[in-house]
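# Observations on the three-dimensional arrangement
Chain residues, written in single-letter form:
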Amino acid sequence: MSAVAEKAVTTTDESVTTDGFHLLIDALKLNDIDTIFGLPGIPITDLTRMAQVEGMRVISFRHEQHAGNAAAAAGYLTQKPGICLTVSAPGFLNGLTALANATVNCFPMILISGSSEREVVDLQQGDYEEMDQLNAAKPFCKAAFRVLHAQDIGIGVARAIRSALSGRPGGVYLDLPAKLFSQTMEAAAGRNSLVKVIDAAPRQIPAPEAVKRALDVLKSAKRPLILLGKGASYAQADAEIRALIEKTGIPYLPMSMAKGLLPDTHAQSASAARSYVLAEADVVVLVGARLNWLLSHGKGKTWGQDKGAKKFIQIDIAPTEIDSNVPIAAPLIGDIGSCVSALLAGVGSNWAKPDAQWTGAIAERKDKNLTKMAETLAKTPSPMNFHSALAVVRDIVKANPETIVVNEGANTLDFARSIVDMYKPRKRLDSGTWGIMGIGMGFAVGAAVITGKPVIAIEGDSAFGFSGMEVETICRYNLPVCVVVFNNNGIYKGTDVNPRGGDVAPTVFVKNARYDMMMQAFGGVGAHATTADELRKAMLEAVASGKPTLINAVIDETAGTESGRITSLNPQSKANKK
Ligand code: ADP
Ligand code: TPW
Ligand code: MG
């Protein structure tokens, strides 16, 4: 560089300032975060514009909850915290549901909300969108921070990223008061204040004695089972997990979002004999799966309580997860990649495969159940039921294994989970740990944007309603999302009647609604399918074109059951008055 040029740069540098807006954008970019999901308004409108100018993708939603869900999906799929950006009070609260859901599901995300004047908020003097957001967020996330000075933005973002990713991943709240954005500082000092987070999720190697204990328990097993949860999918230790399963020959069960970690058609998958293996196994290796309600808390009839003691080996990064519901014989604390590798090393090359009696009994039940299911799926009733419609979806996903499947509803969720096979890791996103409705379009947009892959969203008609307006977002960004609404005219069924007359029953919707026309309203493709053939044709067209598509799949309104598979969780009235 010539002396003149050098002088020019130095002079410019000294006089150049930056501000809170730019420091935030630079801090995110420095940490390889290139996408923001959000919704503009005071005080973050200019931030969204500037982020776009600075080369970030800013995906703007119609409601913050869906922006938050998109961020959560992005976090789960990439191991980088997804960013959701909202305005103060109501925007923040709308995003908070998604932040809480991400935390409950162990997905890394950061909710960044602008907030109103601290001085006014704290004296409760009635500011525009006044709310003590930091304290409101705390119970619903893993960590919450507020930045008051521009020079602390770098550290604030670094703390948020590390909190979201390290240990058990989760949601982090970052509070940025309006005043912060226009604070200025010298550009070079600003650059120096930024922090690139090094090794945000360090490997956590399990203790050798814990590995030995786990191997000893596993060796003692007569009827071993490996259970894969979404922590196993998140960990991106796909090859190690597959090697452990195939080297040991142990049958495995995937939880819903672990489907596809190994192809569902794998010979060792025990999915089609789920109730048998859960009841009969004597040693169960939990890999990134909690013994919560989704696994009947590890006890009771589901787990064959009358069939003798069961031993658990549990691999998890969170030590406090151990013994949460039942005693764990061999806890293995560490990241899944390291723990599974350590087990693999101990398994060696001459591991005794499980008894043929055990694997044979599983195979027998699998065959029987799969044959029965194939017969059911081959039927083409009119109107369609869940099975005949899902048989179509199943074929389409099989032919397009890179497609990401989003799934919510009650019957629509339960049937799709068991009928639609997955072939690749991290291709299924669903209602998750809470069984929440409303993740549909947010997850679909997040997954499509962050992976560039096509998405098929299998939605109950009620489930779809929670985020339906985001079909405009799907059209606006021209995303390859095909939404299939399983339209049975209601929640669980469309047949309820109010015995008193007057208002319709609380579980039913407008009959024969045309959800496909919602997509058409924004320039996407809408299709109305009353038969399996029509559904197949519409889905094939959607996959081939990659155009935003919504298919209104008409399902027999009598076909579903109350709450799908979890009917028993409904409290029953004990009153004797009629
Ligand atoms: P599922 O609903 O599929 O059964 P859960 O969400 O209940 O799965 O369990 C996921 C578990 O995975 C959590 O307990 C979490 O701490 C754990 N986990 C997440 N990421 C990792 C990782 N990288 N290594 C080890 N455990 C992890
Ligand atoms: C945020 C309660 C669980 S499942 C469901 C509701 C309202 C909808 C089921 O109807 P759908 O599916 O989607 O049409 P189908 O195939 O059985 O007809 N609010 C939230 N989360 C949950 N889980 C509910 C309510 C619920
Ligand atoms: Mg329904």
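Relevant structure appears above.
For the structure given in this document, a descriptive report is provided here. (Residues numbered from 1 in each chain as written. Chains lettered and ligands numbered in written order. Predicted model: local features only at pLDDT ≥ 70, side-chain atom pairs only at ≥ 80, totals over all residues. Heavy atoms only, no water.)

## Considering the site of ligand 2
To keep it simple, the criterion reads: By convention in these notes, a residue is near a molecule or strand provided one of its non-hydrogen atoms lies within 4 Å of it. Polar contacts, as used here, are pairs of N or O atoms within 3.5 Å; protein pairs need one atom able to donate a hydrogen and one able to accept it. Residues neighboring in sequence count only if both atoms are side-chain atoms. Values of accessible area rely on a 1.4 Å probe in the Shrake-Rupley scheme; residue burial ignores everything except the protein chains shown. Helix and strand labels come from DSSP, where a helix needs a run of H or I of at least four residues and a strand needs a run of E of at least two; each type is numbered from the N terminus. Each residue is assigned to one class: nonpolar for Ala, Val, Leu, Ile, Met, Phe, Trp, Tyr, Cys and Pro, charged for Asp, Glu, Lys and Arg, and polar for all the others, Gly among them.
Neighbouring ligand 2 are 17 residues; Asn411, Thr412, Gly435, Asp461 and Ala463 lie closest to it. Contact distances for ligand 2 include 3.1 Å between a nitrogen atom and a backbone N or O atom of Met437. Note that an oxygen atom of ligand 2 is positioned 2.9 Å from one of the side-chain N or O atoms of Asn488. For ligand 2, whose free accessible area comes to 590 Å², the fraction covered by protein is 76%. Among the secondary structure elements, those contributing two or more residues to the shell around ligand 2 are α18 (411-419) and α20 (461-465). It is α20 that provides the largest number of residues to the shell around ligand 2, a total of three residues. Looking at side-chain class alone, the shell around ligand 2 contains eight nonpolar, eight polar and one charged residues.

## Structural notes on the site of ligand 1
Residues in close proximity to ligand 1 total 20 residues, the closest being Arg168, Lys230, Arg290, Asp316 and Ile336. Contact distances for ligand 1 include 2.7 Å between an oxygen atom and a backbone N or O atom of Lys230. At 3.0 Å, a backbone N or O of Ile336 approaches a nitrogen atom of ligand 1. When isolated, ligand 1 has an accessible area of 580 Å², and the protein chains bury 96% of it. In terms of residue count, the dominant contributor to the shell around ligand 1 is helix α12 (residues 230-234) (three residues). Among the residues forming the shell around ligand 1, the class breakdown is nine nonpolar, six polar and five charged.

## With respect to the nonpolar core
Under the convention used in this document: What we call a nonpolar core is a set of buried Ala, Val, Leu, Ile, Met, Phe, Trp, Tyr and Cys residues that are connected through their side-chain atoms within 4.5 Å. Relative accessible area decides the class of each residue, using a 1.4 Å probe on protein chains only: under 20% of the type maximum gives buried, over 50% gives exposed, and in between gives partly exposed. Whether two residues are in contact is decided by their heavy atoms: any pair within 4.5 Å suffices.
Core analysis: the largest hydrophobic core is formed by 91 residues, its most contacted members being Leu24, Phe37, Ile110, Tyr173, Leu429 and Val483. Ranked by residues supplied to this core, first place goes to helix α4 (residues 64-78) with eight residues. Look past the residues within four positions of Tyr173 in its chain and what remains in contact with it is Phe92, Leu99, Leu111, Ser113, Gln133, Leu134, Ala137, Cys141, Ala143, Ala144 and Phe145. Counting residues in hydrophobic clusters, the runner-up holds 34 residues, among them Ala258, Val283, Ile336 and Val347.

## Re the coordination of the magnesium ion (ligand 3)
In ideal tetrahedral geometry, four donors around a metal make angles of 109.5 degrees, whereas ideal octahedral geometry with six donors gives angles of 90 or 180 degrees. Here is the rule we go by: Coordinating N, O and S atoms are those within 2.8 Å of the metal (3.2 Å for Na, K and Ca), and as water is not part of the atoms, a site may appear to have fewer donors than expected.
Summarising the metal site, the magnesium ion (ligand 3) is bound by the protein donors Asp461 (OD), Asn488 (OD1) and Gly490 (O), whose distances to it range over 2.0 to 2.1 Å. Between the donor residues of the magnesium ion (ligand 3), the gaps in sequence give the motif D-x26-N-x1-G. Its relative accessible area of 3% is what places Asn488 among the buried residues.

## Let's talk about the sheet that holds strand β18 (residues 525-529)
Rules: In this scheme, strands are said to pair when DSSP sees at least two bridges between them. As a rule, the C-alpha atoms of each element are fitted with a line to give its axis, helices using only the stretch in contact, and angles between N-to-C directions run from 0 to 180 degrees.
With respect to topology, six strands assemble into an open sheet ordered β15-β14-β16-β17-β19-β18, the strand pairing being parallel. Of all strands in the sheet, those with a lone pairing partner are β15 (428-430) and β18, marking the two edges. Along the sheet, successive strands turn relative to each other by an average axial angle of 15 degrees, direction set aside. Examined bridge by bridge, strand β14 (residues 404-408) and β15 share three bridges and lie parallel to one another. For Asn407, the partnering residue across the bridge sits in β15 and is Asp430. Relative to the sheet, α18 contacts β14, β15, β16 (455-460) and β17 (481-487), its axis offset from that of β14 by approximately 140 degrees. Set on the sheet, helix α23 (residues 532-545) makes contact with β16, β17, β18 and β19 (549-554); between it and β19 the angle comes to about 170 degrees.

## Section: the environment of Val554
Along the polypeptide, Val554 turns up in strand β19. Of the residues examined, Val554 reaches a relative accessible area of 22% and is grouped as partly exposed. In this structure the C-alpha to C-alpha distance between Val554 and Tyr423, which are 131 residues apart in sequence, comes to 27 Å. Here Val554 is in contact with Met384, Asn487, His528, Ala529 and Thr530, once residues within four sequence places are set aside.

## Let's talk about unusual backbone geometry
That bond from Ile42 to Pro43 is cis: its omega, 5 degrees, falls within 30 degrees of zero. With an omega of -5 degrees, the peptide bond running from Ser382 to Pro383 counts as cis. Positionally, Pro383 belongs in the loop between α16 (356-378) and α17 (386-399). The phi angle at Glu129 is positive, at roughly 45 degrees, despite the residue not being glycine. Considering the arrangement of structural elements, one finds Glu129 in the loop between α6 (118-122) and α7 (133-137). We note that Asn489 has phi near 65 degrees; this positive angle belongs to a residue other than glycine. Within the secondary structure, Asn489 is located in the loop between β17 and α22 (516-521).

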